[in-house]
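Here are the chains, one letter per residue:
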Amino acid sequence: MAQGSHALSIARLEQAIAADAALRRIRRMQPVGGPGDRIFPPTYPGGQKGTARHIFEKRRIAGEDRDCVLLDSVQSQANRLEAALLDLVRNETVSIPHVVVDFSGAKANGEDLSDIGEITSLKAPHRIYDAIIRDSVLDGTDFPKTEEYKALVKARPQDATAVFALSPTALVFGAWNSTGQGGGLGAKFPRLVTSEIVGIGLARGERIAAHIDPRDRPADRLSQPIPRGERMAVRIDPLGIRAEAQVQGGPLDWRVAAPGTKGKDVKNPSKVNHSNVPAEPAELGVTVDYAQHVATLSFAGLRALGFGANGSEQAAAARLALAALALLAFAAQDVAGYDLRSRCHLVPEGPAPWEIVRADGTAEPVAFDLDRCRALLDEAIGRVHAAGLEWRGKPLRLIPQPKLVELVALSRAKALKGETEEAGGT
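Everything numeric in this text was worked out from a predicted model, so none of it was measured. (Residues numbered from 1 in each chain as written. Predicted model: local features only at pLDDT ≥ 70, side-chain atom pairs only at ≥ 80, totals over all residues. Heavy atoms only, no water.)

Enquirer: Would you mind showing me how to read the sheet that holds strand S11 (residues 136-138) here?
Expert: The strands making up a sheet associate through hydrogen bonds between their backbones, and the pairing can be parallel or antiparallel. Strand order in the open sheet made by the five strands is S10-S7-S26-S11-S12, with mixed pairing throughout. Of all the strands in the sheet, the pair left with one neighbour each is strand S10 (118-120) and strand S12 (141-142). Pairing analysis gives two bridges linking S11 to S12, with the strands arranged antiparallel. In the strand pairing of S12, Val137 is matched with Asp142. (Pairing = 2+ DSSP bridges. Helix = DSSP H or I, 4+ residues; strand = E, 2+ residues; numbered from the N terminus.)

Dropping the structure here:
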């Protein structure tokens, strides 16, 4: 327990939800290899060719403009927190209502899709409103025709009862019914939890690539230097196939082009993965003074959610359960650790307190761990039942509609034939 903090009780959590601004923790972290070790941020497409790049920015910290780099975005952190909760569910240590789409018996055109397993509302990209869930079947009825789905599309922040009943984590991490069903635009439920990790005090890599034959660099980059902090990657062909040789066709049905052949399908052999294959510049990673992890739970956001016609009792119980879920996710992530990706494993510099941020901006240190959060959730679930709200002990199980199975099978067949996906294709 951090110095000066006290164990978070269910009574104090109720008070915070009713009157305080937020729960937060601001924590400094370092690479597991120690200060100054190189770490690799996530890469995002950018530029006309979609070249992968890190996200660099300046932030105002302690009165100074500091060079920073994004290490884990709010969206990525939400996915990790959901994954931590899903692990607890699968280990049967907690009970959280959610929806499962089971592909175990799915087959189409001779293709067995059982390896997909189960897609849950804790993993689907758009959570409870994801198209995978929409295009499924509940007890022989297409899900959009069921009362459960009809209630979902009518849900709004003023009455989020239907979402709470099927997938309360969708309210914790945010959800949007982007199909716009239920009249007007689809309901949006803003995220209650934000969590982000940023590298502070940035030094970019300085290594420069060597031993790259200029003839094998893309023609439009021959006159351009390799930027600082980047390197050119290249696959060296052990067969010595040269770029001047030309082929026609796709990766699995290519043929050598006759000398002088012209046409759109005549291409460099690198297009079928032969010859030296150059790549766009690749980032080399960074070193930072430290990583800063900021996590928050908005009590004001919780108060904006309504639940049912019975008003205050149901709303208080539902909000308490949502807060307990959020705390449980934070605690579970701490236990799982912060190995974000290859060569980006972070550890805390030391203990950092959670704080209840009061309405006047003052802070009150509090403490909780995984066991405490389980106890808080158990007590909150009891309040939910007492208030007459539903808390499903088992997931709502669906199977994919035949058309969804057929679409997945067709996509796999095309991939096996070596057909490439065109960005923005028709």
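Enquirer: It is not clear to me how the nonpolar core should be interpreted in this structure. Could you clarify?
Expert: A general tendency of soluble globular proteins is for nonpolar side chains to be buried together. In terms of nonpolar packing, the biggest core is built from 86 residues, with Phe164 and Leu297 touching the most fellow members. Sort the elements by how many residues they give to this core and helix H8 (residues 312-336) lands first, with 16 residues. With residues up to four places along the chain from it excluded, the contact list for Leu297 reads Ala21, Ala22, Leu23, Leu192, Val193, Ala323, Ala326, Leu327 and Phe330. Ranked by size, the runner-up nonpolar core spans 13 residues in total, among them Ile39, Val69, Leu202 and Tyr338. (Core = buried A, V, L, I, M, F, W, Y, C linked by side-chain atoms within 4.5 Å. Buried < 20%, exposed > 50% of the residue type's maximum accessible area, 1.4 Å probe, protein only. Contact = heavy atoms within 4.5 Å.)

Enquirer: Looking at this model, I keep getting lost on the sheet that holds strand S17 (residues 247-248). Mind explaining?
Expert: One open sheet holds the three strands; their spatial order is S18-S17-S19, and the pairing between them is antiparallel. The open sheet terminates on both sides in strands that have one partner only, identified here as strand S18 (255-256) and strand S19 (266-267). Note: S17 against S19, two bridges, orientation antiparallel. Residue pairing across strands places Gln248 opposite Val266, the latter belonging to S19.

Enquirer: Just to check I follow, could you spell out the environment of Asp87 for this structure?
Expert: Topologically, Asp87 is positioned in helix H2 (residues 74-90). We classify Asp87 as partly exposed; its relative accessible area is 43%.

Enquirer: Please explain the packing of helix H1 (residues 10-19) against H8 as it appears in this structure.
Expert: It is the contact of H1 with H8, at a shortest axis distance of 10 Å, that shows an interaxial angle of 110°. Relative to H8, H1 is oriented roughly perpendicular. For the pair H1 and H8, the contacting residues are Ile10, Leu13, Glu14 and Ile17 in the first and Arg319, Leu320 and Ala323 in the second. Residues of the contact of H1 with H8, tallied by class, amount to five nonpolar, no polar and two charged. (Axes fitted to C-alpha atoms, helices over the stretch in contact; angles between N-to-C directions. Parallel < 35°, antiparallel > 145°, perpendicular 65-115°, else oblique. Nonpolar A, V, L, I, M, F, W, Y, C, P; charged D, E, K, R; others polar.)

Enquirer: Mind showing me how you'd approach the pairing of strand S25 (residues 363-367) here?
Expert: Within a regular strand, side chains alternate between the sheet's two faces. Relative to S25, strand S1 (residues 6-7) runs parallel, the two being bridged by two bridges. Paired with His6 across the bridge in S25 is Val366. Across four bridges, strand S24 (residues 354-357) lies against S25 in antiparallel orientation. Its bridge partner lying in S25, Glu355 is registered against Pro365.

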